[in-house]
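# Inside the fold
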Amino acid sequence: MSKIIGIDLGTTNSCVAVMEGGEAVVIPNPEGNRTTPSVVAFKNGERQVGEVAKRQAITNPNTIQSIKRHMGTDYKENVEDKDYTPQEISAIILQHLKSYAEDYIGEKVEKAVITVPAYFNDAQRQATRDAGLIAGLEVERIINEPTAAALAYGIDKSDQDHTILVFDLGGGTFDVSILDIGDGTFEVIATAGDNSLGGDDFDQVIINHMVQEFKKEKRY
Amino acid sequence: MVDKNIEDVEEKVEEVEEVMESKQDDNVKEDEVRPEQAADYEKLQGELEKAKKEKEDLYERLLRLQAEYDNFKRRSQKEKQDARKYQSQDLVTELLPALDNFERALQAETTEHTASFVEGMLMIQRQLMDALTSQGVSTIETVGEKFDPNIHHAVMQVESEEYETDTVVEELQRGYLLKDKVIRPAMVKVNK
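Residues numbered from 1 in each chain as written. Chains lettered and ligands numbered in written order. Predicted model: local features only at pLDDT ≥ 70, side-chain atom pairs only at ≥ 80, totals over all residues. Heavy atoms only, no water.

Residue and element names in this part refer to chain A. Taking strand neighbours across the sheet as the criterion, the three strands line up as β12-β13-β14 in an open arrangement whose pairing is antiparallel. Edge positions in the sheet fall to β12 (162-169) and β14 (185-194), since each of these pairs with one other strand and no more. Within the sheet, the average angular offset between the axes of one strand and its neighbour, ignoring direction, is 20 degrees. Where β12 lies against strand β13 (residues 174-182), eight bridges are found, and the strand directions are antiparallel. In the sheet register, F167 faces β13, and the bridge partner there is V176. Contacts from helix α4 (residues 145-153) reach β12, β13 and β14 within the one sheet, and its direction differs from that of β13 by about 60 degrees. (Pairing = 2+ DSSP bridges. Helix = DSSP H or I, 4+ residues; strand = E, 2+ residues; numbered from the N terminus. Axes fitted to C-alpha atoms, helices over the stretch in contact; angles between N-to-C directions. Contact = heavy atoms within 4.5 Å.)

Following this line, the structure appears as structure tokens:
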């Protein structure tokens, strides 16, 4: 029986993990990092994914970022005279994660569990499932991101009922969810957030601040 | 006497008949026992099936654990090899800011007063670089090279007649390799 990988397919960054001896282990990418930029680039018929794609982003207009924002819509990304659906672009990212997970595990991987935001509708969930299929992954289950976070935290192991608040501050999005946990079931009671607030904005604010300070010092 | 005897015999016959009857009862009872035995048999059969299934499950788990262990062993061997090959990686990563600052310091204007001081700094920098080179550290080629996102990180783009398209025009931060591994890609300006 082959292993099932767990994938956090994020707007800015993605992450893949596998169960090892009863606990989830994050698989590092070829560059040695635990998350991989959700970036795909096309150049002269070649395709780059992750860190490498991000490093060349400003030199190449055919670089696609934040494709997750378009999941479940009929948006098309036109690159070198070819239309790509959000599912196809996401599949390229999934394939990349799958391939370095296979290197790590040492065998072929055919099954995956993928997380999606709690607010994703059926079309968006189906698009995520399709992306998995295109990448050659049988999607065993689509799990809500806050539920996955609560599971990873180990909150299902206590036998008490809980109502918890999950904060998920990503690179480009911020989600807050309230979950009800009891008898091993998770229910998302409410979810809200800001679709354009994340760590990248923190970076930008710091950059702006430094520019301002520099200008003040140099009296520009 | 005879009557008594006859009575005795009749009693005996009755006794025998009773025994016979009870034997017959026993026979009937034996018949009644059979379904119970069948139930026992079925129960045992079920237990056997359960045990077989349990054995299968455990066997499969054992196989999986074995495979997991083999992979783990293989991986930790690879990690050990890598750790040996790239043993100085952590140290080098920690030293990078110091190397950067050396370069920045040496970019400052030199005057007559500081000339010999700068020369000293240059020598120390070279010494440090030599030590790192002996450990397998090398700098990434940039200006004039074709832009390669595997080793270069483009942060700016310019239009220049001097260079060909997709060529690195300027290095903003030096990149380093440890043997064949990129420790830090070079931050560069690329020609359109």
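Let us look at the pairing of strand β1 (residues 4-8) of chain A. All names here are of chain A. Burial along β1 is one-sided: I5 and I7 are buried, while I4, G6 and D8, pointing the other way, are not. Relative to strand β2 (residues 13-20), β1 runs antiparallel, the two sharing four bridges. Each residue of the ladder has a partner; that of I7, found in β2, is V16. (Buried < 20%, exposed > 50% of the residue type's maximum accessible area, 1.4 Å probe, protein only.)

Our focus in this paragraph is the environment of Q89 of chain B. Looking at where Q89 of chain B falls in the secondary structure, it is placed in helix α2 (residues 89-107). Those residues in contact with Q89 of chain B, other than ones at most four positions away along the chain, are L178, K181 and I183 of chain B.

Time to look at the nonpolar core. Ranked by internal contacts, the top residues of the largest apolar core, which has 35 residues, are I5, I7, V16, I27, F42, L94 and I114 of chain A. Taken together, the elements giving at least two residues each to this core come down to β1, β2, β5 (39-43), α2 (86-105), β10 (111-116), α3 (122-134) and β11 (138-144) of chain A. Here this core takes ten residues from α2 of chain A, the largest share from any one element. In contact with I27 of chain A, other than residues within four places in its own chain, are V16, A17, V18, N33, R34, Y100, A101, Y104 and I105 of chain A. Counting ten residues, the second-largest nonpolar core is a separate cluster that includes V92, V137, L178 and I183 of chain B. (Core = buried A, V, L, I, M, F, W, Y, C linked by side-chain atoms within 4.5 Å.)

Time to look at a negative patch on the surface. Residues and elements named next belong to chain A. On the surface, a cluster of negative charge is contributed by D161, D180, D183 and E187. On the secondary structure map, D161 appears in the loop between α4 and β12. When its relative accessible area of 60% is taken as the criterion, D161 is described as exposed. (Patch = residues over 30% accessible without salt bridge, like charges linked within 9 Å, V, L, I, M, F, W, Y side chains within 5 Å. Areas by Shrake-Rupley, 256 points an atom, 1.4 Å probe, with all protein chains shown as cover. Salt bridge = Lys/Arg side-chain N within 4 Å of Asp/Glu carboxyl O. Lys, Arg positive; Asp, Glu negative; His and termini not counted. Charge placed at Lys NZ, Arg CZ, Asp CG, Glu CD.)

Let us now look at the pattern of salt bridges. Counted according to the given criterion, the structure contains 17 salt bridges over all chains. Between K108 of chain A and E102 of chain A there is a salt bridge, with its nearest N and O atoms 3.6 Å apart. Among the residues examined, E102 of chain A registers a relative accessible area of 13% and is labelled buried. A salt bridge links E60 of chain B to R64 of chain B; the nearest nitrogen and oxygen atoms lie 3.3 Å apart. A residue pair is termed a helical-turn pair when its members lie 3 or 4 positions apart in one helix, as E60 of chain B and R64 of chain B do in helix α1 (residues 2-85) at four residues. Each of K43 of chain A together with K146 and D166 of chain B takes part in one network of salt bridges that share partners.

Looking now at the interface of chain A and chain B. Taken together, the contacts link 16 residues of chain A with 19 residues of chain B. At the boundary of chain A with chain B, the tally comes to three salt bridges. For K43 of chain A, the salt bridge is made with D166 of chain B, and the minimal N-O distance between the two is 2.6 Å. If you look at where chain A meets chain B, you find eleven residue pairs in polar contact (both at pLDDT 80 or more). For the side of chain A that touches chain B, the elements supplying multiple residues, two or more each, are β2, α1 (51-55) and α2 of chain A. In the side of chain A that touches chain B, the residues fall into six nonpolar, five polar and five charged. (Polar contact = N/O pair within 3.5 Å; in protein donor to acceptor, adjacent residues only side chain to side chain. Nonpolar A, V, L, I, M, F, W, Y, C, P; charged D, E, K, R; others polar.)

Moving on, we come to α3 of chain A. Residues and elements named next belong to chain A. An ideal rise of 1.5 Å per residue puts 18 Å on 13 residues; α3 measures up with 18 Å between its terminal C-alpha atoms. The set of residues buried in α3 consists of Q124, R125, A127, T128, A131 and G132. Viewed along the axis of α3, the buried residues span an arc of 160 degrees, placing them on a single side of the element. Turned more than 90 degrees away from the buried face of α3, the exposed residues are D122 and L133. Contacts from the buried residues of α3 go to α2, β10 and β11. N-capping of α3 is provided by N121, with a side-chain oxygen placed 3.0 Å from the backbone N of A123. With its phi angle positive at about 80 degrees, G136 sits one or two positions after the end of α3. (Expected span 1.5 Å × (residues − 1). Arc of directions from axis to C-beta.)

All names here are of chain A. Direction vectors running N to C along α2 and α3 enclose 55 degrees, while the axes themselves pass 8 Å from each other. Our classification of the angle between α2 and α3 gives oblique. Two packed elements cross with a definite hand, and for α2 against α3 that hand is right-handed. Seen from α2, the contacting residues are Q87, E88, S90, A91, L94 and Q95; seen from α3, they are A127, D130, A131, G132 and I134. (Parallel < 35°, antiparallel > 145°, perpendicular 65-115°, else oblique. Left-handed = near helix turned anticlockwise from the far one by under 90°.)

All names here are of chain A. On the secondary structure map, T173 appears in the loop between β12 and β13. The buried category is assigned to T173, whose relative accessible area is 11%. With sequence-adjacent residues up to four places away left out, T173 is seen in contact with T11, R69, D168, D194, N195, L197 and G198.

A separate point is helix α3 (residues 115-134) of chain B. Residue and element names in this part refer to chain B. Given a rise of 1.5 Å per residue, 20 residues ought to cover 28 Å, and the 29 Å separating the end C-alpha atoms of α3 matches this to within 8%. Every buried residue of α3 is accounted for by V118, Q125, M129 and L132. Summarising the axial view, the buried residues of α3 lie within an arc of 55 degrees, below the 170-degree limit, and thus occupy one face. Exposed and oriented more than 90 degrees from the buried face of α3 are S116, Q127 and S134. Each element contacted by the buried residues of α3 is listed here: α2, β1 (137-139) and β4 (176-178).

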